[in-house]
Amino acid sequence: MKITVVGAGYVGLVSGACLANIGHEVTCVERDAARVTMLNNGIVPIYEPGLGRLIAANRAAERLDFTSDLAGSVGDADAVFIAVGTPSRTTDGVADLSHVYQAAREIAPALRGHTLIVTKSTVPVGTGDEIERVISKCNASARFAVVSNPEFLREGSAIADFRKPDRVVIGADDEGARRMMSAIYAPLRIESRRMVYVSRRTAELIKYASNSFLAMKVTFINEIADLCEKVDADVTDVAHGMGLDHRIGESFLMAGPGIGGSCFPKDTLALVKTAQDADSPVRLVEMTVAINDQRKRAMAKKVIRACGGSVRGKTIGILGLTFKPDTDDVREAVSLSIIRALQDAGARVRAYDPEGMEHARPHLPGVVFCPDAMSAASDVDALAIVTAWSAFRDLDLAQLKTVMADTRIVDFQNMLDPEVMRLAGFTYSGLGRGEADRSSYVVQAAE
Ligand code: NAD
């Protein structure tokens, strides 16, 4: 099939390359001309494992190309996927749909023959109806159907997620559109129980409900981590003990410094707004948003405490800037809040990230960006591991100890073994790993 993907960001590029790889003829339309030039010169503007190879192979096979000419690539297409950004509006947290509607307005006059319009962007319930209205208004004779096909890829493993998805959700209110969508995904041979055919509004809500649930799960274990610190328990063991219950499951039970990234923060907020507008509040999600906001701000205090109550004039090393490992994405990353708070408290900051430094730099004036982890640790009074890049698990502890001015390590990802760190001579604090003050909490005594 001929497919046009509008927006060549994380979702558009991965979907475009993967759809081409299963045999479709794909054109990715991107309004950022510099990005198109890069892609046409074989440069991939984002870091996503395996994506460069996949794009190169499918360009070579002439199944994938990149352009800024939306009108020219929509006319021939059987399906047009919309994969543009839907960030939070800064004023009120509502999902900003201006890029989606703008794309719909640009697509409308170029439509020829019957075309499927597929929303991959994460959009609030009812957006499909509005896209339909916008297109009909711009082009009364257009023949099209609007389908919701929310994207569930995880940055860092996006290609594997496309090839072997947990589920493909297809929200279509007409049978022809449903059949066409199943033809698009047919080459992946997805088990039928993983193909979820629902109404368009239901599909839109599945995406927000899924992300909000995951955000809630992480927030829950983060609060349990805080409790563990007070009662001398270990959150990694609590999570393990909980997660083996298949009703709970082990994933998303890793305590950390808070939720960042381009999806969870904005999607939880958007669901809260939708639910409030529908007069059916989602109070657990409201709490999740509030707790997470507070947590991100509070995390710097952990470093300050580790430094004896003040970081004024001290130098802090930060390992990891991206919102999670295996991506270069720093949108809403917790590292940004932690670093800004440390700078506000008078600290100098040195930082290293394997892939995220270029994107982080504009957000972090005053930070010294270092070429590797050892350099970020050089002469620091404390070193904080903020993102769980696997390389940080294998730091050479002997060398680390010699380069640091002091031996304090704050491990926000519980990547290192507290006992090993202590034996190696570090003052180590993890997250939710007890021991803060063993005597501070005593259960009610027996009579
Ligand atoms: P992104 O910001 O990386 O990419 C969006 C791209 O669309 C940008 O390059 C932008 O220049 C381009 N664009 C905007 N308007 C355009 C237009 N009219 N014509 C052509 N190009 C246009 O965003 P993303 O991270 O890929 O996310 C896209 C959507 O997918 C969002 O709704 C997001 O919530 C959702 N989503 C993202 C992820 C993720 O992990 N990043 C996962 C699932 C769903």
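Refer to the structure presented above.
Here we summarise the structure given alongside this text.

Rules used throughout
- Residues numbered from 1 in each chain as written.
- Predicted model: local features only at pLDDT ≥ 70, side-chain atom pairs only at ≥ 80, totals over all residues.
- Heavy atoms only, no water.
- Near = heavy atom within 4 Å.
- Polar contact = N/O pair within 3.5 Å; in protein donor to acceptor, adjacent residues only side chain to side chain.
- Areas by Shrake-Rupley, 256 points an atom, 1.4 Å probe, with all protein chains shown as cover.
- Nonpolar A, V, L, I, M, F, W, Y, C, P; charged D, E, K, R; others polar.
- 1 Å grid on protein atoms, 1.4 Å probe; cavity = no way out; pocket = protein on both sides within 12 Å on 5 of 7 lines; lining within 4 Å.
- Points joined across faces, edges and corners; volume = space filled by probe spheres on them.
- Helix = DSSP H or I, 4+ residues; strand = E, 2+ residues; numbered from the N terminus.
- Core = buried A, V, L, I, M, F, W, Y, C linked by side-chain atoms within 4.5 Å.
- Buried < 20%, exposed > 50% of the residue type's maximum accessible area, 1.4 Å probe, protein only.
- Contact = heavy atoms within 4.5 Å.
- Disulfide = S-S within 2.5 Å.
- Salt bridge = Lys/Arg side-chain N within 4 Å of Asp/Glu carboxyl O.
- Axes fitted to C-alpha atoms, helices over the stretch in contact; angles between N-to-C directions.
- Parallel < 35°, antiparallel > 145°, perpendicular 65-115°, else oblique.
- Left-handed = near helix turned anticlockwise from the far one by under 90°.

Remarks on the site of the ligand
In step 1: Within the structure, the ligand sits among 23 residues, and Val 11, Glu 30, Thr 86, Glu 155 and Lys 266 are positioned closest to it.
In step 2: At 3.0 Å from an oxygen atom of the ligand is found a main-chain nitrogen or oxygen belonging to Tyr 10.
In step 3: Contact with the protein chains removes 90% of the 840 Å² of surface that the ligand exposes when unbound.
In step 4: Residues of the shell around the ligand, tallied by class, amount to eight nonpolar, seven polar and eight charged.

Concerning empty space enclosed by the protein
Vacant regions in the atomic arrangement are exposed by a probe of water-molecule size rolled over the atoms.
In step 1: Under the definition given, this model contains one cavity of 30 Å³ or more.
In step 2: As a volume, the largest cavity reaches approximately 30 Å³.
In step 3: In this structure, the largest cavity is lined by Cys 18, Asn 21, Ile 22, Leu 54, Phe 162, Arg 163 and Leu 188.
In step 4: Among the secondary structure elements, those contributing two or more residues to the lining of the largest cavity are helix H1 (10-21) and helix H7 (158-163).
In step 5: Grouping the amino acids of the lining of the largest cavity by side-chain chemistry returns five nonpolar, one polar and one charged.

Concerning the nonpolar core
In step 1: Of all hydrophobic cores here, the largest spans 62 residues; its most connected members are Ile 318, Leu 342 and Leu 400.
In step 2: No other element matches the five residues that helix H13 (residues 334-344) contributes to this core.
In step 3: The residues contacting Leu 342, other than those within four sequence positions of it, are Ala 300, Val 303, Ile 304, Val 311, Ile 316, Ile 318, Ala 347 and Val 349.
In step 4: Grouped together as the second largest cluster of nonpolar side chains are 43 residues, Leu 13, Cys 18, Val 168 and Ala 172 included.

So, the state of the cysteines
Here a disulfide denotes a covalent bond joining the sulfur atom of one cysteine to the sulfur atom of another.
In step 1: This model, assessed by the stated rule, comprises zero disulfides.
In step 2: Take Cys 307: it sits in no disulfide, and the sulfur closest to it among the cysteines is that of Cys 370, at 17 Å.
In step 3: Look at Cys 307 and you get buried, because its relative accessible area is 5%.

Quick notes on the environment of Ala 83
In step 1: Looking at the secondary structure, you find Ala 83 in the loop between strand E4 (79-82) and helix H5 (98-107).
In step 2: Measuring from C-alpha to C-alpha, the distance between Ala 83 and Arg 133 comes to 19 Å, with 50 residues separating the pair along the chain.
In step 3: Discounting chain neighbours no more than four positions away, the residues touching Ala 83 are Val 5, Val 6, Gly 7, Val 11, Gly 12, Lys 120 and Ser 121.

Concerning the pattern of salt bridges
In step 1: In the structure shown here, the tally under the stated rule is 22 salt bridges.
In step 2: Close ionic contact of Arg 89 with Asp 92 constitutes a salt bridge, the shortest N to O distance being 2.5 Å.
In step 3: Residue Asp 92 is classed as partly exposed on the basis of its relative accessible area of 27%.
In step 4: Two residues, Asp 226 and Arg 295, come together in a salt bridge whose shortest N-O distance is 3.1 Å. Of this pair, Asp 226 sits in helix H9 (residues 200-231) while Arg 295 sits in helix H12 (residues 283-306), placing them 69 residues apart in sequence.
In step 5: Given the relative accessible area of 34%, Asp 226 is considered partly exposed.
In step 6: Taken together, the shared-partner salt bridges connect Asp 129, Glu 132, Arg 200 and Arg 201 into one network.

Quick word on the environment of Pro 87
In step 1: Here Pro 87 is to be found in the loop between E4 and H5.
In step 2: Judged by relative accessible area, which is 35%, Pro 87 ranks as partly exposed.
In step 3: For the pair Pro 87 and Ala 172, spaced 85 residues apart in sequence, the C-alpha separation works out to 24 Å.
In step 4: Setting aside residues up to four positions removed in sequence, Pro 87 forms contacts with Val 94, Ala 95, Asp 96, His 99 and Lys 266.

So, the packing of H12 against H13
In step 1: At a minimum axis separation of 8 Å, H12 and H13 run at an interaxial angle of 55 degrees. Taken as axis vectors, H12 and H13 run oblique relative to one another. For H12 against H13, the interelement crossing comes out right-handed. Of H13, the residues touching H12 (which contributes Lys 296, Met 299, Ala 300, Val 303 and Ile 304) are Val 334, Ser 337, Ile 338, Ala 341 and Leu 342.
In step 2: Looking at side-chain class alone, the contact of H12 with H13 contains eight nonpolar, one polar and one charged residues.

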